[in-house]
Amino acid sequence: MPEHRTSDVGGRESRSTKILLCSPRGFCAGVDRAIRIVELALKTYGPPVYVRHEIVHNRYVVDSLKTKGAIFVKELDEIPETDAPVVFSAHGVARSVPEEADRRNFFQLDATCPLVTKVHKEAKLHARRDREILLIGHAGHPEVAGTMGQLEPGAITLIETVEDALAVTPRDPDNLAFITQTTLSVDDTAEIVDTLKGRFPNMSAPPKEDICYATTNRQEAVKAVAPQADAMIVVGAPNSSNSQRLVEVAQRAGCAHAQLVQRAGDIDWSVFADVRTVGIAAGASAPEVLVEEVIGAFAERGEIDLETVSTADEDVIFNLPRALREAAAE
Ligand code: SF4
């Protein structure tokens, strides 16, 4: 354990806080790609660039793109007739959205993460094979709305909990498949899947895990740090599913105090009064600058001893849409 020092700086008690920084943390390849799409569209075509839904769930990112000329809308009917690009967010959209954009002759740039598109393709493949589909996910999340919207209403049944898995009554238990949201808790999902497989042994599973590499890796990093930390901070947005899951994972891994903060100004310092070791993680849509801001806030309050705890290396990069590749190459 590091030495713990107490000194008096400017009449204020100061002491050394050990910070365990989770790695991987923050931006994943899908978020990075989505932000680059909006930035490159602004650079190539000039403002405005319309974006349906928050491009990624992070206010800092959204606000900084707004200052560059991006206009965020909830639905396409808020967009006037225009030649400007219209970007769909990383979470993916229901089939009806590009159909509507086609009808209105919008220049579409799809920032849906390729790993979400993979789940959409699985759903369509199951539908072609006449399988009933169970989607494990959270109601109201835009990714779930986008995935369910790939097929006709009623084709996909949402399973949110083990209770839902116990209660669902498929038409034909031998012609059933499941898919999942990409940003779920790995452990909770395993429990739901086990429940479903126990009831429906012939159910088709995704060929490869639908929960994405970034979600899995960030949860593993939190699991490594949480048992060693007196408290944890997860940098992320309240509407970011993968960030919310990191808070739950920290709590379950033995860290009693886990706070989700969007920025350093949100930190509840009363929790850290007696804390010696702090874990810091960041959801897949949280930029590193906000992690640095949080570390800086601890440094302003006293000496810090920073250590990175790395549980995986990431080198995933996704291609940009063809229309933007040339602009990116310049
Ligand atoms: S969290 Fe996963 S699915 Fe979501 S954008 Fe990132 S890589 Fe894609």
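Higher on the page you've got the structure.
Here is what the cut-offs are and how they apply
- Residues numbered from 1 in each chain as written.
- Predicted model: local features only at pLDDT ≥ 70, side-chain atom pairs only at ≥ 80, totals over all residues.
- Axes fitted to C-alpha atoms, helices over the stretch in contact; angles between N-to-C directions.
- Helix = DSSP H or I, 4+ residues; strand = E, 2+ residues; numbered from the N terminus.
- Parallel < 35°, antiparallel > 145°, perpendicular 65-115°, else oblique.
- Contact = placed C-beta atoms within 7 Å.
- Nonpolar A, V, L, I, M, F, W, Y, C, P; charged D, E, K, R; others polar.
- Near = placed C-beta within 6 Å.
- Expected span 1.5 Å × (residues − 1).
- Buried ≥ 20, exposed ≤ 12 C-beta atoms within 10 Å, placed from the backbone.

(A) How the structure looks around the packing of helix α1 (residues 29-45) against helix α11 (residues 322-329). Axis separation between α1 and α11 bottoms out at 10 Å; the angle between their running directions is 75 degrees. In terms of axis orientation, α1 runs roughly perpendicular to α11. Counting all contacts with α1, which are made through Ile37, Leu40, Ala41, Lys43 and Thr44, the residues of α11 involved are Leu324, Ala327 and Ala328. Class assignment of the residues belonging to the contact of α1 with α11 gives a composition of 6 nonpolar, 1 polar and 1 charged.

(B) Layout of the site of the ligand. As a structural note, the neighbourhood of the ligand is formed by 15 residues, with Cys28, Gly30, Cys113, Thr182 and Cys212 the closest of them. At the level of elements, α1, α4 (114-128) and α8 (213-225) are the ones that each hand at least two residues to the shell around the ligand. Of all the elements, α1 adds the most residues to the shell around the ligand, at 3 residues.

(C) Main features of helix α9 (residues 241-252). With 12 residues, α9 ought to run about 16 Å at 1.5 Å a step, and its terminal C-alpha atoms sit 17 Å apart, in line with that. Summarising burial for α9: 9 of the 12 residues are buried, a large majority. Along α9, the residues that are buried comprise Ser241, Asn242, Ser243, Gln244, Arg245, Leu246, Val247, Val249 and Ala250. Once α9 ends, the next one or two residues include Gly254, with phi positive near 110 degrees.

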